[in-house]
Amino acid sequence: MAEAADFQGTPSPARRWLRRTGALLAGAPLLAGLMQLPTAAPAQAAGTDTVSVALDSLSPSAPSDGDTLTVSGTVTNNGKQAVTDAHVDLRMGSLLGTRSEIDTAAQHSDDLQSSLGTEVGGKYTEDFDSLGPGVAEHFSISVPVDKLDLGQDGVYQFGVSLSGKTSAQQWDQVLGIQRTFLPWQSSEADTKTKTTYLWPLISTVHVTAKTGAGELQTPVFQNDDLAKEISPGGRLVQMLALGKDLDVTWVIDPDLLASVDAMTRSYRIQGADGTTTAGTHQAVAKQFLDDLQDAVTDREVVALPFADPDLASLAHNGTSVTGSLSHLKDATDVAATTVKTVLHVTPSTDFAWPVDGAVDPSIIKVATSAGADKVIARSDSLQETGGLTYTPSAARPIGGGTTAVVADARLSTAFGGDLTHADSSTLAVQRFLAQSLALNTQTDKQRSIVVAPQRMPSASQAQAMATAITALQNSNWSESQDLAAAAKAKPDPGATTKIPSSSAYPSSLRKQELPRTAFEQIARTQDKLDNFQVILTDQSRVVTPFGRAINREMSTSWRGSGSEADSFRTSVESWLDDLISQVKLIDKSETKLSGRSATIPVTVQNNLVQGVSHLVLRLTSSMPTRLEIGGNPYYEQPVEVSGGHSQSVKFSTAANANGRVEVTAQLYTEDGQKYGAPVSFDVKVTEVTPTVMLVIGGGVLLLVLAGFRMYTQRKRAAARRANEDDGPDEGDGPDEAGEDTSDTPGGAPETPGTLETPDGSAGESSGGTGDADGPGNPAAHGDRLPEESAARSGADDPEQPSDPTPDTAPESADPSETGERVDR
């Protein structure tokens, strides 16, 4: 009873310890047995990342009834243990009903936790006895399509798996898998999708603004990269070789054609040190153009504006800069001419293609400003908002007579990324075809679909694209169509036509745009070009290369290469500055102006090959009150200088006062714009000094007095002869004034008398009293020194009309005649 009472109540501590110990001992053998059993974990747990399966080829990509499907690839053991009893199996998955399901499946193509599908089995496997660590083995399996148990038309998941054992897991399990898609359209579809595939032939910027000085204007390339692209094996050569056999719409940048065409003649390559070397790929360039002409004959060709300008950058950052839109118009106008000249075909120029088809209202406005009325957008930008259960046709009227041609985003982005490996290329092709078939099965409505891939596909991407297009063109659900036809197709009434707002523009794309400063620099370069070209006798030699260089500065190819774009713009502006500086004024040193008037020469030098005209040279005085130029503070003269020559332009000046004056010479265009840097120099005005004038005046006075003395002597001699004829009694006084009395000793002072002038009047004698005229003075009367005689004559005897003219005329105090040169 006590025992019963114990069990009915709370066990004692000792009893609880005994019960727990007994239960533990009893369960120990069972636990040990369980630990020896195989683990029941999912097979994929052990196989995660153990073996990788690469699906290198699947042919045909879109099989039909009666075909045999061949699958080949490589399996690689990435684990540390050997895989034994390994075998490769083909697996059929479920039918994927929507395009979204295809996207989801593609994201988990090698996931072992997803459905593995059903093994095809039988003889359609490949076995390997052992697959050691790090070992890769190739496989190839062919299976008739009718063995795959394909049901209704559509897209099926299709996989290749490797199963085997490891030393740690001694049972058969899937260790690796690779899934892809198998599009199945057993017969011709009732309604086929009309598919337009754009085949872009676009490159980066290669040609600089520099050209040679000769008549041919040899172009200068930044580098020799374009030659690599158009040489055998190059990217563009492969694009051309692949595209010629495809029913596609060629989308061509005319700049590429112009650049390759320039390579067919003499061209040069710019080196890192600024020197240039001769290009040597003329034959390659000619062959490329010949092949391209053959490829585009009777094909649709769409010409982008020259150099493929970045429409989004222009819309977001360039429209606020004056003149930016005009460059787009110029690039559009020259596009058709370039394509016609080089390829001899007439392209369409009414399509605009923003980067990645991303649009907003400002991009649409800019894109149509140059004449395009069709904008190639993309469905991930112009997204459907009407709840449609199918993908609508590409054409959408968006107002203003503009059509948005909306490319399908899934198909357009199918060949991005690294496709250099065969497995990645195969998966991209199969996914593209799967999306195309899924699109066709959405509805029985006839639709036009456009595919706009990346602008510059790599060679491997182009090869994958060509494989997919070939399979699509041979398929039972699609047929080719030109881009123009797709743009004119009847739009789906349920498709969205609302352009997304600017805020919806992808930030990743906005970060790659050309900044506003780029367009400001472009505008500055254009202003310089406008100012320069008006003086040239052959404007095309400068306007054409620099106009195209400015187009290249706006190229879409600069995205992601901001520093390179900046360097290119700077090099264009610097080269233009160098050319402008070839027409300049020669520096002058200080000029001395000795006289009241003179001419000042200013030299204009032209080191260009061609002549310049429509220039005006203005010379300006900083102190016109001291130095006048042409009777004004400044004076202008027209200038024309032949190529490689200099011209001296002379300006008349007039000095009003002595001193230093700064004079500035400046060239102007005829419309009043300054041209080049001014040249300033000092003019030192040095008129005739008072000392020099006194010396000259004294000399003139001496000549006058000498003549006067000769005159008075003759008159005295005549009077003496008259007195001798009349006798001594007729004279009632001393001799005539001026008679020589120096021989009379102690003679009385001379008495003033009268002098008869030729007109019969009497004038006071020049004789006087005092020691100056006394006896023994050698200067008395007729023996006076010329200076003294002249002084007295000038004071007492004014010159008479009958006086003889001096031998030397007095120096004129008036300004000297113009035409005098100045010391430089």
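Residues numbered from 1 in each chain as written. Predicted model: local features only at pLDDT ≥ 70, side-chain atom pairs only at ≥ 80, totals over all residues. Heavy atoms only, no water.

**Here we look at the side chain of Asp408**
- Position of Asp408 among the secondary structure elements: in the loop between β19 (402-407) and α12 (409-412).
- Judged by its relative accessible area of 6%, Asp408 is buried.
- Among the polar contacts listed, one links the side chain of Asp408 to the backbone nitrogen of Arg410, at a separation of 3.3 Å. (Helix = DSSP H or I, 4+ residues; strand = E, 2+ residues; numbered from the N terminus. Buried < 20%, exposed > 50% of the residue type's maximum accessible area, 1.4 Å probe, protein only. Polar contact = N/O pair within 3.5 Å; in protein donor to acceptor, adjacent residues only side chain to side chain.)

**As for the nonpolar core**
- Core analysis: the biggest nonpolar cluster contains 76 residues, and Phe532, Leu617 and Leu619 have the highest contact counts within it.
- The contact partners of Leu617, leaving out residues within four places of it in the chain, are Leu585, Val602, Val604, Tyr635, Glu636, Gln637, Val639, Val649, Phe651, Ala665, Gln666 and Leu667.
- Formed by 64 residues, the second largest nonpolar core is a distinct cluster that contains Leu246, Leu343, Leu437 and Val451. (Core = buried A, V, L, I, M, F, W, Y, C linked by side-chain atoms within 4.5 Å. Contact = heavy atoms within 4.5 Å.)

**Some details on helix α18 (residues 540-553)**
- Compared with an ideal rise of 1.5 Å per residue, which puts 14 residues at 20 Å, α18 spans 19 Å between its outermost C-alpha atoms and is within 8% of the ideal.
- Counting buried positions along α18 gives 11 out of 14 residues, so the element sits mostly inside the fold.
- Within α18, burial applies to Arg541, Val542, Pro545, Phe546, Gly547, Arg548, Ala549, Ile550, Asn551, Arg552 and Glu553.
- Here the buried face of α18 lies against β10 (207-211), α7 (254-263), α10 (324-343), α17 (516-533) and α19 (562-580). (Expected span 1.5 Å × (residues − 1).)

**Re the environment of Thr166**
- The residue Thr166 is located in the loop between β7 (154-165) and β8 (173-184) in this model.
- In this structure the C-alpha to C-alpha distance between Thr166 and Gln81, which are 85 residues apart in sequence, comes to 6.3 Å.
- Only 2.9 Å separates the side chain of Thr166 from the side chain of Gln169, close enough to count as a polar contact.

**Digging into the sheet that holds strand β14 (residues 276-278)**
- Pairing within the open sheet is mixed, and its four strands lie in the order β10-β11-β13-β14. The sheet terminates laterally at β10 and β14, the two strands that pair on one side only. For this sheet, the mean angle separating the axes of adjacent strands, direction not counted, is 35°. (Pairing = 2+ DSSP bridges. Axes fitted to C-alpha atoms, helices over the stretch in contact; angles between N-to-C directions.)

**A short note on the packing of helix α6 (residues 235-243) against helix α14 (residues 459-473)**
- Where α6 meets α14, the axes come as close as 9 Å, and the angle between the chain directions of the two elements is 10°. Viewed along their axes, α6 and α14 adopt a mutual orientation that is roughly parallel. Contacts between α6 and α14 involve Arg235, Gln238, Met239 and Leu242 from the first element and Ala459, Ala462, Gln463 and Ala466 from the second.
- Considering only residue class, the contact of α6 with α14 consists of five nonpolar, two polar and one charged. (Parallel < 35°, antiparallel > 145°, perpendicular 65-115°, else oblique. Nonpolar A, V, L, I, M, F, W, Y, C, P; charged D, E, K, R; others polar.)

**Notes on the sheet that holds strand β28 (residues 645-655)**
- An order of β22-β24-β28-β26 is seen for the four strands of this open sheet, with the pairing classed as antiparallel. On the outer flanks of this sheet lie β22 (583-585) and β26 (627-629), each paired with one strand and no other. Across the sheet, the axes of successive neighbouring strands diverge by a mean angle of 35°, strand direction being ignored.
- Two elements, β22 and strand β24 (residues 597-606), share three bridges in a ladder whose sense is antiparallel. What sits directly across from Lys584, in β24, is Gln605.

**Focus: the packing of aromatic side chains**
- Tallied over the full model, the rule gives seven aromatic pairs.
- Relative to Tyr675, the ring of Phe532 has its centre 6.4 Å away and its plane inclined at 25°; by these criteria the two rings are stacked. Taken as a pair, Phe532 in helix α17 and Tyr675 in strand β30 (residues 674-685) lie far apart in primary sequence, 143 residues in all.
- On the basis of relative accessibility, which here comes to 1%, the residue Phe532 falls in the buried class.
- For the pair Trp558 and Phe568, a centre-to-centre distance of 5.4 Å together with 40° between the ring planes defines the contact as tilted. Taken together, the positions of Trp558 in the loop between α18 and α19 and Phe568 in helix α19 put the pair 10 residues apart, joining distant regions of the chain.
- By relative accessible area, Phe568 is classed as buried at 2%. (Phe/Tyr/Trp six-rings, centres within 6.5 Å; stacked < 30°, edge-to-face > 60°.)

**What to know about the pattern of salt bridges**
- What the rule picks out here adds up to 25 salt bridges.
- Note that Arg559 and Asp310 form a salt bridge whose closest N and O atoms lie 2.7 Å from each other. Here Arg559, found in the loop between α18 and α19, pairs with Asp310, found in the loop between β15 (301-303) and α9 (311-318); they are 249 residues apart in sequence, far enough to count as distant.
- Note that Arg524 is salt-bridged to Glu573, the shortest N-O span being 2.7 Å. In this pair, Arg524 sits in helix α17 while Glu573 sits in helix α19, placing the two residues 49 residues apart along the sequence.
- For Glu573, a relative accessible area of 8% gives the class buried.
- Each of Arg524, Lys528, Glu573 and Asp577 takes part in one network of salt bridges that share partners. (Salt bridge = Lys/Arg side-chain N within 4 Å of Asp/Glu carboxyl O.)

**Observations concerning the pairing of strand β12 (residues 249-252)**
- Burial along β12 is two-sided: the residues Thr249 and Val251 and Trp250 and Ile252 are all buried.
- Here strand β9 (residues 193-201) runs beside β12; their pairing, made up of four bridges, is parallel. Bridge assignment links Pro200 to a residue of β12, and that residue is Val251.
- Bridge analysis of β12 against β15 gives three bridges, and the strand direction is parallel. Note that in β15 the partner of Val251 across the bridge is Val302.

**Looking at α14**
- Helix length check: α14, at 15 residues, gives a terminal C-alpha distance of 21 Å against a target of 21 Å (1.5 Å per residue), a fit within 8%.
- Regarding α14, the residues found buried are Ser460, Gln461, Ala462, Ala464, Met465, Ala466, Ala468, Ile469, Ala471 and Leu472.
- On the buried face of α14, the contacting elements are β9, α6, α13 (422-440) and β21 (478-480).

**Some points on the packing of α10 against α18**
- It is at 10 Å that the axes of α10 and α18 come closest, and there the two elements cross at 110°. With respect to α18, the axis of α10 lies roughly perpendicular. Considering only the axes of α10 and α18, their crossing is left-handed. Counting all contacts with α10, which are made through His327, Asp330, Ala331 and Val334, the residues of α18 involved are Arg548, Ile550 and Asn551.
- Its residues assigned to classes, the contact of α10 with α18 comprises three nonpolar, two polar and two charged. (Left-handed = near helix turned anticlockwise from the far one by under 90°.)

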